[in-house]
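The lines below spell out each chain.
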Amino acid sequence: MHDARIVRRENCIYGVLDCPVQKQEYLLSANADFFIQNRNRSFFSYIDRNRPVQKIYKKPYATFLNLTFHCDAGCSICFANAVYQEHPQFLSAEQLVVRLKRLKSRGIKTVSLFGGEPTLHPDILGIIRIIKKTGMRAILVTNGYRLGRDPGFAKKVKRAGVWEVDIQFDTLDPAVHRLLRGDRPLSLKKRALRNIVRAGIRLGIVTTVIRSNADELPGLLEYLAGLGPLLKRVMIQGAVNSGRFGIDDFEIIDRETILAGICSAAIFHTTMHVNDFWPFPGIQPWGLYMHPDCTVVNVVVNTAKKTHTMKDLLRVPDVWKALQSIAPGRTIQNRYIKPLLAVIRGLRYRAVIQLISIAIQGLVFRRKQKIAMFVLAVESYESARFQDIEKTDFCPTLQSLKDEDVCACIYNSRGKEYHASRMSERARGEV
Ligand code: SF4
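Residues numbered from 1 in each chain as written. Predicted model: local features only at pLDDT ≥ 70, side-chain atom pairs only at ≥ 80, totals over all residues.

Caption draft 1: Up close: the overall build of the chain. Within the chain one finds 16 helices and 16 strands. Burial statistics for the chain: of 431 residues in total, 42% are counted as buried. In the chain, the share of contacts with a sequence separation of at least 24, taken over all contacts with a separation of at least 6, comes to 73%. (Helix = DSSP H or I, 4+ residues; strand = E, 2+ residues; numbered from the N terminus. Buried ≥ 20, exposed ≤ 12 C-beta atoms within 10 Å, placed from the backbone. Contact = placed C-beta atoms within 7 Å.)

Caption draft 2: Just the confidence of the model for the chain, in detail. Chain-level pLDDT for the chain is 88 on average; 92% of the residues reach the 70-or-more range. Here residues 416-431 is modelled with pLDDT under 50, and outside its nearest four sequence neighbours on either side it reaches 38 contacts, counting other chains as well. (pLDDT = per-residue confidence, 0-100.)

Caption draft 3: Examining the nonpolar core more closely. One finds Leu113, Ala138, Leu140 and Ile196 to be the most contacted residues of the largest nonpolar core, which totals 96 residues. Ile6, Ile13, Tyr14 and Phe35 belong to the second largest nonpolar core, which has 6 residues in total. (Core = buried A, V, L, I, M, F, W, Y, C linked by C-beta atoms within 7 Å.)

Caption draft 4: Spatial organisation of unusual backbone geometry. In the segment running from Gly115 into Gly116, the intervening peptide bond is cis, with an omega of 20°. In this model, Glu10 sits at a positive phi of 50°, which is unusual for a non-glycine residue. Looking at Glu10, the number of C-beta atoms within 10 Å reads 5, which means it is exposed. If you check the backbone angles, Phe268 has positive phi at about 50° while not being a glycine.

Caption draft 5: Representation of the packing of helix α11 (residues 316-324) against helix α12 (residues 332-346) in the model. Interhelical geometry of α11 versus α12 gives an angle of 165° and a closest axis separation of 9 Å. Judged on the interaxial angle alone, α12 and α11 are roughly antiparallel. α11 and α12 meet at a crossing whose hand is right-handed. Taking contact as the criterion, the partners of Asp318, Val319, Ala322 and Leu323 in α11 are, on α12, Pro339, Ala342, Val343, Arg345 and Gly346. (Axes fitted to C-alpha atoms, helices over the stretch in contact; angles between N-to-C directions. Parallel < 35°, antiparallel > 145°, perpendicular 65-115°, else oblique. Left-handed = near helix turned anticlockwise from the far one by under 90°.)

Caption draft 6: Quick peek at α12. With 15 residues, α12 ought to run about 21 Å at 1.5 Å a step, and its terminal C-alpha atoms sit 21 Å apart, in line with that. At Lys338, α12 is bent by approximately 30°, the largest bend along its length, and proline Pro339 sits one to four residues beyond. (Expected span 1.5 Å × (residues − 1). Bend = angle between axes of the 7 residues up to and from the residue.)

Caption draft 7: Inspection of helix α6 (residues 174-181) at higher detail. When α6 is considered as a whole, its buried residues turn out to be His177, Leu179, Leu180 and Arg181. The buried side chains of α6 occupy one side of the element, clustering within an arc of 160° when seen end-on. Across from the buried face of α6, at angles greater than 90 degrees, the exposed residues are Pro174 and Ala175. Those residues of α6 hidden inside the fold are in contact with α7 (186-198) and β8 (203-209). (Arc of directions from axis to C-beta.)

Caption draft 8: Quick peek at the environment of Ile56. Among the structural elements, Ile56 can be located in the loop between α1 (32-41) and β4 (62-66). Put simply, Ile56 and Gly287 are 231 residues apart on the chain and 7.9 Å apart in space, counted from C-alpha to C-alpha.

Caption draft 9: Region of interest: the pairing of strand β3 (residues 24-29). In the sheet, strand β2 (residues 12-17) pairs with β3 via 5 bridges, with the strands oriented antiparallel. Note on β3: the bridge partner recorded for Leu17 is Gln24. What sits between β2 and β3 in their antiparallel hairpin is a turn of 6 residues. (Pairing = 2+ DSSP bridges.)

Caption draft 10: Structural view of the packing of helix α3 (residues 124-134) against helix α5 (residues 151-160). Where α3 contacts α5, the axes come no closer than 8 Å and their chain directions differ by 25°. On the basis of their axis angle, the class for α3 and α5 is roughly parallel. Here α3 runs over α5; the crossing is right-handed. Residues Leu125, Ile128 and Arg129 of α3 lie in contact with α5, whose contacting residues are Lys156, Val157 and Ala160.

Caption draft 11: Geometry of the site of the ligand. Residues in contact with the ligand, as listed here, are Cys71, Ala73, Gly74, Cys75, Cys78, Ala80, Ala82, Gly115, Gly116, Glu117 and Asn143. Taken together, the residues of the shell around the ligand sort by class into 6 nonpolar, 4 polar and 1 charged. (Near = placed C-beta within 6 Å. Nonpolar A, V, L, I, M, F, W, Y, C, P; charged D, E, K, R; others polar.)

Caption draft 12: Examining the environment of Lys55 more closely. If you trace the backbone, Lys55 turns up in the loop between α1 and β4. C-alpha separation for the pair Lys55 and Gln354, spaced 299 residues apart in sequence, amounts to 43 Å.

Below, the structure written as structure tokens:
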């Protein structure tokens, strides 16, 4: 357990652990200028970071519920260290009810079913139905193999009332797929994507990036955008040495190197620049914060003739400033009216017309037109070797455990005792 510092050397940011036996360094960013700019664009520009964090109203928005540690995949980079179990253990119905009650009482609206592989739960459809009955939304986070094998299963998932399916999809290169995910064929995942779309389910993609697939990201995004209007989010994250990690450390890359990969070539009719990615805006009356070192976002709208990103649709600096300056009081005006006005005032008028036209085309020619509009998020998870307590304090994610809920990074980078991570390495610093 050691304190740590964040330092800049040339154009890189490192976390430095002051261990008396052996000083350790961890690359946090290969683009220090962007890393610092991103912090300055975030709620850091107005929030008092010395104020006790408990006094700031914060609310979790993404919630994960593990149904099992049984899995049929055996990925070499599994956060959960899930394995194939001869006698699989599953979350009991009693525990499910307890957890859902607790999440509901915290005002949670969305529950992501996680694992292991949640589709192996013998009553996965019943669980989705129960969540729907509570008024919360169920998101199924899956490796996709069952959905790929069985088109009828996708339809049943849809009928059970799932809100979204988030499928793990990293690469179009079978060799990289084998390195990350083992021997199951990549074609099965592609079939799963098709079955989800055919069943009419809202789709999210979770892509894990290592050095070997960073440069293929523009092509991968084009492929995914081809799935059409049901694609709503692409969440790209770097592999971290947590849980089971069976590939070379050399393959680990930071968020900014992933961004460089995305920006390395045209995506349809545009090429993105790293500065087009923004941190999540902090919105005080919503209690919504996400630490700027974690996630940056952009929006992609692709039609047959044009590709727009967030900067083409919004005057982003003005909108972020307006959103981040809304007072913390949780009145209707602060929670709904001011955020809406901030976005409306920041719209670029040409974009409004194009968006309306896209919406009409999407409604009328849904199956014929290749139209996609999705949020592109690039995320940086914590490694077990370097935990930044400030990041976890401003984390909107929640992992639901038996007796409590913890931030997902703490959970995913746990050793035998997940508490050990939180207590072990503390980094707080200016760069
Ligand atoms: S990453 Fe997901 S699919 Fe792969 S082994 Fe772990 S739980 Fe299974």
